[in-house]
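Observations on chain architecture
One-letter residues, chain by chain:
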Amino acid sequence: MRRSEGDDEPRTLPPRARDRVYTAVTRVLAVLLLPVAFVRQPGRARELACGWALRMRFPAEDLTGLTDGARAAFTAARAEALWRHGQLVGLTSGYRDPRVQQRMFEEEVRRSGSVAAARMFVAPPAESNHVKGMALDVRPHEGARWLEAHGARYDLYRIYDNEWWHFEHRPECGGTPPRRLPHPGAAWASRNGGRV
Ligand SMILES: [Zn+2]
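All values reported here derive from a predicted model rather than from experimental measurement. (Residues numbered from 1 in each chain as written. Predicted model: local features only at pLDDT ≥ 70, side-chain atom pairs only at ≥ 80, totals over all residues. Heavy atoms only, no water.)

Points about the packing of aromatic side chains
Within this structure, the stated rule accounts for 1 aromatic pair. Between the aromatic rings of Trp164 and Trp165, the centroid separation amounts to 5.5 Å while the plane-to-plane angle is 85°, which identifies the pairing as edge-to-face. Owing to a relative accessible area of 29%, Trp165 belongs among the partly exposed residues under this scheme. Positioned above the aromatic ring of Phe121, the side-chain terminus of Arg111 is 5.7 Å from the ring centre. Positioned above the aromatic ring of Trp188 is the side chain of Arg119, whose terminal nitrogen or guanidinium carbon lies 3.7 Å from the ring centre. (Phe/Tyr/Trp six-rings, centres within 6.5 Å; stacked < 30°, edge-to-face > 60°. Buried < 20%, exposed > 50% of the residue type's maximum accessible area, 1.4 Å probe, protein only. Lys NZ or Arg CZ within 6 Å of the ring centre and 35° of its normal.)

Let's talk about the domain arrangement of the protein chain
Under the domain assignment, the protein chain is made up of domain 1 (16–57) and domain 2 (59–191). On a C-alpha basis, the centroid separation for the pair domain 1 and domain 2 is 24 Å. Domain 1 puts 16 residues into the contact, and the matching count from domain 2 is 10 residues. With both chains or domains summed, domain 1 and domain 2 bury close to 1200 Å², and 71% of this area falls on carbon and sulfur atoms. The interface formed by domain 1 and domain 2 holds 0 salt bridges in total. At 8 residues, the largest contribution of residues to the side of domain 1 that touches domain 2 is made by helix H2 (residues 45–57). When the residues that make up the side of domain 1 that touches domain 2 are grouped by side-chain class, the tally is 8 nonpolar, 2 polar and 6 charged. (Domains from an automatic or database assignment. Contact = heavy atoms within 4.5 Å. Buried area = accessible area lost by both parts, 1.4 Å probe. Salt bridge = Lys/Arg side-chain N within 4 Å of Asp/Glu carboxyl O. Helix = DSSP H or I, 4+ residues; strand = E, 2+ residues; numbered from the N terminus. Nonpolar A, V, L, I, M, F, W, Y, C, P; charged D, E, K, R; others polar.)

Digging into the pattern of salt bridges
In the structure shown here, the tally under the stated rule is 16 salt bridges. The closest approach of N and O atoms between Asp68 and Arg71, which form a salt bridge, is 3.1 Å. Within this pair, Asp68 and its partner Arg71 are both found in helix H3 (residues 68–85), separated by 3 residues, close to a single helical turn. Where salt bridges share partners, they join Arg145, Glu148, Arg158, Asp161 and Arg180 into one cluster.

Focus: the UniProt feature "domain: D-alanyl-D-alanine carboxypeptidase-like core" (unreviewed entry) in the protein chain
Sites flagged by UniProt as "domain: D-alanyl-D-alanine carboxypeptidase-like core" (unreviewed entry) map to residues 82–153. Secondary structure content for residues 82–153 is 46% helix and 12% strand, while the C-alpha to C-alpha distance between its ends is 15 Å. (UniProt positions renumbered as here; feature names shortened; annotations may be inferred.)

Details of helix H6 (residues 141–150)
Here H6 lies mainly inside the structure; 7 of its 10 residues are buried. Looking only at H6, the buried set comprises His141, Glu142, Gly143, Ala144, Trp146, Leu147 and His150. In this structure, the buried residues of H6 make contact with H3, strand E2 (135–139), strand E3 (156–158) and strand E4 (166–169).

Structural data, given as structure tokens:
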């Protein structure tokens, strides 16, 4: 892609000053909300307070449509990220309606000039795990790096070299990260004789 040779891992993008403030405020909010969460659900207070605080930080995020397993895994993982390491993990895009995915794919075909090139960045609806409710695009970059390091405990794995933000809930992997693919079209390309 647009990376120099030997640089197969993007460096962590430095957090903007504004993001650092948001992170600090979100942590304080989670702590303040903890007593209320304990009253609501003593056994899940930390997850609950974390979820409320993150909703204020990332008001546009939407966890609906994810499979029950993916949602539970993501909720538990980001509670650990916040309470244990002070990291925020927000959801940019989870479940996608097949029509939305189709539109994204068509736009990418137009942008990149061919179906084969488009597949390197966007999967068509029939192959997209966003449509199945088991893929999650996360932010910011440090949050994604946290999930990459700790996600296996929750069956959440980074899948592609060219998408640091894309994770999938893969309980069948049993804690062993699946082999990472260069891009979303790689599995399809290998099924089709290596053609990309
Ligand atoms: Zn994705």
